[in-house]
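Next come the chains, spelled out residue by residue.
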Amino acid sequence: MIEDILLFIAVGFAAQMVDGAIGMAYGVTASSVMMSMGVPPATASASVHVAEMFTTGASGFAHWRRKNVRLDLVWRLALPGMLGGAVGAYVLSGIDGDVIRPVVAVYLLAMGGLILWKALHPPPPHELSTRKVAGLGLGGGFLDAIGGGGWGPMVASTLIGGGTQPRYAIGSTNLAEFFVTMTVSFTFIFTIGLELWPAILGLIIGGVIAAPFAAMVTQKLPDKPMMILVAVVIMLLSLRNLVDVVQKWLA
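I will try to describe carefully the structure that is included in this document.

Rules behind the numbers
- Residues numbered from 1 in each chain as written.
- Predicted model: local features only at pLDDT ≥ 70, side-chain atom pairs only at ≥ 80, totals over all residues.
- Heavy atoms only, no water.
- Helix = DSSP H or I, 4+ residues; strand = E, 2+ residues; numbered from the N terminus.
- Buried < 20%, exposed > 50% of the residue type's maximum accessible area, 1.4 Å probe, protein only.
- Areas by Shrake-Rupley, 256 points an atom, 1.4 Å probe, with all protein chains shown as cover.
- Salt bridge = Lys/Arg side-chain N within 4 Å of Asp/Glu carboxyl O.
- Core = buried A, V, L, I, M, F, W, Y, C linked by side-chain atoms within 4.5 Å.
- Contact = heavy atoms within 4.5 Å.
- Axes fitted to C-alpha atoms, helices over the stretch in contact; angles between N-to-C directions.
- Parallel < 35°, antiparallel > 145°, perpendicular 65-115°, else oblique.
- Left-handed = near helix turned anticlockwise from the far one by under 90°.
- Nonpolar A, V, L, I, M, F, W, Y, C, P; charged D, E, K, R; others polar.

Quick word on the overall build of the protein chain
From N to C terminus, the protein chain includes ten helices and zero strands. The linear arrangement of helices and strands in the protein chain, starting from the amino end, is α-α-α-α-α-α-α-α-α-α. Burial statistics for the protein chain: of 251 residues in total, 50% are counted as buried. Carbon and sulfur atoms make up 74% of the accessible area of the protein chain, which amounts to about 10,900 Å² in all.

This is the structure we're talking about:
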């Protein structure tokens, strides 16, 4: 059990450093590790989201302390995201989440390309409308629960692609994610219950330790390299997901 906890402390630390710094990939990273160990998708998603209640809380607080957060944007994302997350968790408890993964992967690949283009060819500053932000939160929460991760890649990338300054997009996305993961976690608890407490504990410890360091990276890193880094991570994750789907189809 000690070995399991230490392994997931390392996984949680690495995942939170990436997620806290560029606004994405904690859930995708942690869920991928758990599923590679034979954990069913619904159990992996439930475990990761329970851990994320603590890591996103620590990360959101750290971003707020570093002035990377816009509270108006947080609530416009969090409220619809909580609704989408609850629905997604309920749906995943009864079906295979792999059905919609190819659609999400293609969307994120395109969004990564858009962010890379805008990093190299900066557009005039503008932001998404309130209605589009609400729709983004709803869709992001649903897909995050279904896939065991995806809130950050979808929400942070779309906000940055729409013109929101990267540090505010990442910080606000992280804080809003706390409320979404809390809703998703309670939905899973009431539908399928929880297992794998050593893994959950390790993810929590590693993520909480990493959170303040990741927020500092976000505050210090200039916009252009941050956008390029976000774009590359999104595109690599999306390509990996597409390869996984194709391999399953061919198997």
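Focus on the environment of Val18
Topologically, Val18 is positioned in helix 1 (residues 2–22). Val18 gets classed as partly exposed once you look at its relative accessible area, which sits at 36%. Sequence spacing of Val18 and Ala211 is 193 residues, and the spatial spacing of their C-alpha atoms is 9.7 Å.

Observations regarding the pattern of salt bridges
Evaluation of the coordinates by the stated rule reveals two salt bridges. Of the charged contacts, one joins Asp72 and Arg70 as a salt bridge, the two residues approaching to 3.3 Å between their closest N and O atoms. Owing to a relative accessible area of 41%, Asp72 belongs among the partly exposed residues under this scheme. The closest approach of N and O atoms between Arg76 and Asp72, which form a salt bridge, is 3.4 Å. Here Arg76 pairs with Asp72, and both are found in helix 4 (residues 71–92), just four residues apart, close to one helical turn. Ionic contacts of the salt-bridge type, sharing partners, join the residues Arg70, Asp72 and Arg76 into one network.

Quick look at the nonpolar core
Judged by nonpolar contacts, the single largest core of 31 residues is most densely connected at Leu77 and Leu159. Looking at this core, the elements that each hand over two or more residues are helix 3 (41–65), helix 4, helix 5 (101–120), helix 6 (130–147), helix 7 (151–161), helix 8 (166–191) and helix 10 (223–250). For this core, the leading source of residues is helix 8, giving eight residues. Here Leu77 is in contact with Val133, Leu136, Gly137, Trp151, Val155, Leu159, Thr173 and Ala176, once residues within four sequence places are set aside. Judged by nonpolar contacts, the second largest core, of 16 residues, contains Val48, Val50, Ala51 and Ile200.

Examining the environment of Ile2
As for its position among the elements, Ile2 is in helix 1. Placed 196 residues apart in sequence, Ile2 and Pro198 show a C-alpha to C-alpha distance of 8.0 Å.

Describing the packing of helix 4 against helix 7
The description of two packed helices rests on the angle between their axes and on the distance between the axes. Between helix 4 and helix 7, whose axes approach to 13 Å, the crossing angle comes to 140 degrees. Between helix 4 and helix 7, the angle is such that the two are oblique. As for the relative orientation of helix 4 and helix 7, their crossing is right-handed in sense. Residue-level inspection shows Leu73, Leu77 and Gly81 of helix 4 in contact with helix 7, the latter providing Trp151, Val155 and Leu159. In the contact of helix 4 with helix 7, the residues fall into five nonpolar, one polar and no charged.

A look at helix 7
In terms of residue burial, helix 7 counts as a mostly covered element, since eleven of its eleven residues are buried. Among all positions of helix 7, only Trp151, Gly152, Pro153, Met154, Val155, Ala156, Ser157, Thr158, Leu159, Ile160 and Gly161 are buried.

Read these as spatial facts, not as claims about activity.
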